[in-house]
Amino acid sequence: MSAPQAAAAAGRPGPPDPPRPVDVAAAQRRTLGTLVTTQAFGGIGVSAAVSVNALLAKDVSGSEQLAGLAQTAQTFGAALVTFLIARLMDARGRRIGLATGYAVGGLGAVISTAAGAVRSFPLLLLGATLVGAMAAANQQSRYAATDLAPADRRGRHLSLVVWATTIGSVAGPNLTGPGGALASRLGLPPLAGPYLFTAAGVVLAVTVMLVRLRPDPLLLARAVAAADAPGRDGARTAGPTHTSGWAIVRHDPAVRAGALGMALSYAVMVSVMVMTPIHMDHGHASLEVIGLVISVHILGMYAFAPLVGMAVDRWGCPGVLAAGGLVLLASLVLAGLSPAGASWALGVGLFLLGVGWSMGNVASSTLVTSATTPTTRPLVQGVTDLLTGITAAVGGAVAGFVVGGPGFAALTLFAGLLAFGVVAASVAARRHTVPPGALRDGR
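Residues numbered from 1 in each chain as written. Predicted model: local features only at pLDDT ≥ 70, side-chain atom pairs only at ≥ 80, totals over all residues. Heavy atoms only, no water.

### Considerations on the overall build of the chain
Applicable threshold: Runs of H or I in DSSP of at least four residues are treated as helices and runs of E of at least two as strands, each being numbered from the N terminus. We call a residue buried when its accessible area falls under 20% of the maximum for its residue type, exposed when it is over 50%, and partly exposed in between, using a 1.4 Å probe and counting protein chains only. For this analysis, residues touch if any pair of their heavy atoms sits within 4.5 Å. Here the Shrake-Rupley method, with its probe set to 1.4 Å, supplies the accessible areas, and only the displayed protein chains count as covering residues.
Helix and strand counts for the chain come out as 17 helices and 0 strands. Per-residue burial over the chain gives 58% buried out of 443 residues. In the chain, of all internal contacts separated by at least 6 residues, the share reaching a separation of at least 24 is 82%. Carbon and sulfur atoms form 69% of the exposed surface of the chain, whose accessible area is close to 16,500 Å².

### Points about unusual backbone geometry
Both trends apply: most residues other than glycine have a negative phi, and most peptide bonds are in trans. Put simply, Arg-214 and Pro-215 share a cis peptide bond, and its omega is -5°. Phi at Arg-119 is positive, roughly 55°, even though this residue is not glycine. Mapped onto the secondary structure, Arg-119 falls in the loop between α4 (94–118) and α5 (121–144). The exposure class assigned to Arg-119 is partly exposed, which follows from its relative accessible area of 45%.

### Observations regarding the pattern of salt bridges
For clarity, the threshold we go by: In the sections that follow, a salt bridge refers to a side-chain nitrogen of Lys or Arg positioned within 4 Å of a carboxyl oxygen of Asp or Glu.
Under the criterion given, the structure shown has 5 salt bridges. For Asp-385, the salt bridge is made with Arg-142, and the minimal N-O distance between the two is 3.0 Å. Highlighted residues: Asp-385 in helix α16 (residues 377–404) and Arg-142 in helix α5, separated in sequence by 243 residues. Like Arg-142, Asp-385 is buried. In this structure, the salt-bridge partner of Asp-313 is Arg-156, at a minimum N-O distance of 3.2 Å.

### Concerning the layout of surface pockets
In plain terms, the rule: Points on a 1 Å grid over protein atoms alone make up a cavity when a 1.4 Å probe fits among them but cannot get out, and a pocket when they form an open set with protein on both sides within 12 Å along at least five of seven lines; lining residues each have an atom within 4 Å of a point. Grid points are joined across faces, edges and corners, and a volume is the space filled by probe spheres set on the points. Throughout this entry, Asp, Glu, Lys and Arg are counted as charged residues, while Ala, Val, Leu, Ile, Met, Phe, Trp, Tyr, Cys and Pro are counted as nonpolar. The remaining residues, Gly among them, count as polar.
In this structure, the second largest pocket spans a volume of roughly 160 Å³. As for the second largest pocket, its lining consists of Leu-329, Leu-332, Val-333, Gly-336, Leu-337, Ala-409, Thr-412, Leu-413, Gly-416, Leu-417 and Phe-420. Of all the elements in the fold, those that place two or more residues in the lining of the second largest pocket are α14 (317–336) and α17 (408–431). In terms of residue count, α17 provides more of the lining of the second largest pocket than any other element does, 6 residues in total. A class-by-class count of the residues in the lining of the second largest pocket yields 8 nonpolar, 3 polar and no charged.

### Things to note about the packing of helix α11 (residues 253–282) against α14
Let me state the cut-off plainly: Lines fitted to the C-alpha atoms define the axes, with helices restricted to the stretch that makes contact. Angles between their N-to-C directions range from 0 to 180 degrees. By the definition adopted for this analysis, an angle is roughly parallel if under 35 degrees, roughly antiparallel if over 145, roughly perpendicular if from 65 to 115, and oblique otherwise. The sense of a crossing depends on the near helix, which, turned anticlockwise from the far helix by less than a right angle, makes the crossing left-handed and, turned clockwise, makes it right-handed.
Direction vectors running N to C along α11 and α14 enclose 20°, while the axes themselves pass 11 Å from each other. Looking at the two axes, α11 sits roughly parallel to α14. Considering the relative orientation of α11 and α14, their crossing is left-handed. In this structure, α11 uses Gly-261, Ser-265, Val-268 and Val-272 to contact α14, whose residues at the interface are Leu-321, Leu-328 and Leu-332. Its residues placed into classes, the contact of α11 with α14 shows 5 nonpolar, 2 polar and no charged.

### Examining the environment of Ala-335
Tracing the backbone through its elements, the reader meets Ala-335 in helix α14. With relative accessibility at 1%, the residue Ala-335 sits in the buried group. Residues Ala-335 and Leu-411 lie 76 residues apart in sequence; the distance between their C-alpha atoms is 9.9 Å. When near neighbours in sequence (up to four residues on either side) are disregarded, Ala-335 contacts Ala-345, Leu-346, Gly-349, Leu-350, Phe-408 and Thr-412.

### Things to note about the packing of aromatic side chains
Our working definition: We call Phe, Tyr and Trp rings a pair once their centres come within 6.5 Å, taking the six-membered ring for Trp, and we label the pair stacked below 30 degrees between planes, edge-to-face above 60, and tilted otherwise.
Taken as a whole, this structure holds 4 aromatic pairs when the rule is applied. Consider the rings of Phe-83 and Trp-246, whose centres lie 6.0 Å apart with planes at 55°: the pair is tilted. In this pair, Phe-83 sits in helix α3 (residues 68–92) while Trp-246 sits in helix α10 (residues 244–251), placing the two residues 163 residues apart along the sequence. Of the residues examined, Phe-83 reaches a relative accessible area of 15% and is grouped as buried. Since its relative accessible area comes to 29%, Trp-246 is described here as partly exposed. Judged by centre distance (6.4 Å) and plane angle (45°), the rings of Tyr-266 and Trp-357 are tilted.

### Regarding empty space enclosed by the protein
Using the criterion set out here, one finds 4 cavities of 30 Å³ or more in the structure. Within this model, the largest cavity holds a volume of roughly 320 Å³. For the lining of the largest cavity, the secondary-structure elements that each account for two or more residues are α2 (24–61), α3, α5, α6 (154–171), α11, α12 (287–302) and α15 (344–370). In terms of residues, the lining of the largest cavity owes the most to one element, α2, which gives 5 residues. Residue composition of the lining of the largest cavity, by class: 13 nonpolar, 11 polar and no charged.

### Side note on the nonpolar core
Side chains that are nonpolar tend, in soluble globular proteins, to be buried together. What counts here: Joining through side-chain atoms within 4.5 Å is the link that ties buried Ala, Val, Leu, Ile, Met, Phe, Trp, Tyr and Cys residues into a set, and such a set is a nonpolar core.
Counting residues in hydrophobic clusters, the biggest one holds 83 residues, and the most contacted among them are Val-268, Met-269 and Leu-353. In terms of residues, this core owes the most to one element, α11, which gives 17 residues. Those residues in contact with Leu-353, other than ones at most four positions away along the chain, are Val-268, Met-269, Val-272, Met-273, His-297, Leu-328, Ser-331 and Leu-332. The next biggest cluster of nonpolar side chains, apart from the first, holds 23 residues, and it includes Ile-85, Ala-133, Ala-137 and Ala-205.

Given below as C-alpha cells:
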C-alpha cells in the first residue's frame, strides 16, 4: 500500500502522489504528427491565396504597379502577426498562439473574397494583411518542432514540419482553376475562388491544433529546463520583457547572422515569386499554367527540406546557408533570362528559387533556435520573423514597381544583390557558431 493510500485508510490526509514523469520523446512524436497535419491544411490556405494575390489585385485596382501591394500587405501582415503570436506563445504556449494565427488568417480569406466581389482595393489589402496571419502561423510552427527536439536533431525536426507544407502548398495553386469555377457558380469573380479553399484549410488547421497539440511543447520544454536547472532556464519568475527579444537579436552575433540570412533569403524569394504570375501573364499564359509554375516553385521550397535539415545537423548552419545563397543566384540567372509567358527556364528558375529559400530558411531558423533557450526562444524567434517579414514586404512592394517599369529581368538583378547578402551572412555565422554536433542549448 502506498503512503497516500495508507493515510487515506487511516482517515488522515497524506502526502500527494509524486508527479508522473512525462515521456518527452513521446510528446515530441505527438507534436511532430500534429504539426505535420496542420502544416498540410495551412499550406493549402496560404498557397491558394498566394497564387492569385497579384492577379486579383491587378484586376481590382487596374494597375500592375499596385499588383505587388497585395502580396506586400500579406507579407507585412505575417510579419506583424508573427510578433503578436510570439508574445501570445510566450505567455500561453504554442497551441494557443498558433491556433489564433490560423483563425485570424481565415477571417482575412473571407474579407479578401468579399473584396473581389465588391471590387474594393482597400478591402482587398485589409484581407491580404489578415491572411498573412495564416502564413505567420505556418512559419512559427517550424519552431514548435524544435522545443523538445535533441540539440543534434533540431535541423531534421524543424525541416520535417517545413516539408509537410509541401502537401498543401503544391495542391493550393492547382486549385486556381477549380476555385474559379466554384466562384462563378456562387456569383463571385473567378480570381476570388481560391480564397474559399483558404478558409477551408484554416478551419481544419485550427481544429487539429486545438485538439491535438497536448502537451504544449514549449511549456513542457520550459518545465523540463526548470527541473534540470532550477531557478535558471525555464523559470518564469523573472521572465523576459518584450524588449529582450530585440536586445538578443541586436547583441548576439550568431542570432544576428541567422536573422540576416533568413530575412534576405525570404526577400529574394518573395520579390520574384509574387511577380512571376504578372510576368507570365504578359506572355498570355493561362491561369492553369501559372498555377503549375507556382506549384513547381513551392515544391522546391518544401519538398527537399528533410535533406536540408540532415545537412544542417551534419555540416552546420553556415555552410548550408552559403549554399542556399548560391542556389538563389543560379535561380535568378535562369528566371531573368526567360521570356514572358511559359518556358522551361522560368520553371527551373522558380524551382531553384524555392530550393535556395528552403536552404536559407532551415539553416537560419536552426541557427536562431540553437542560440537561444526555452525562456527567450519565442520572443527572439518572433523578432527574427518580424524582421524577415518586413524585409520581404519591402521587397514585394519594390518588385511591383520594378516589373511595371524596367521589367522582370531588372527585378532579378535587384534580387541578386540580396542573394549576395545571404552569402555574406553565412560568413558572419561561421565566425560565431560552434562546430556541427555541438549545437548550443542556450547560454
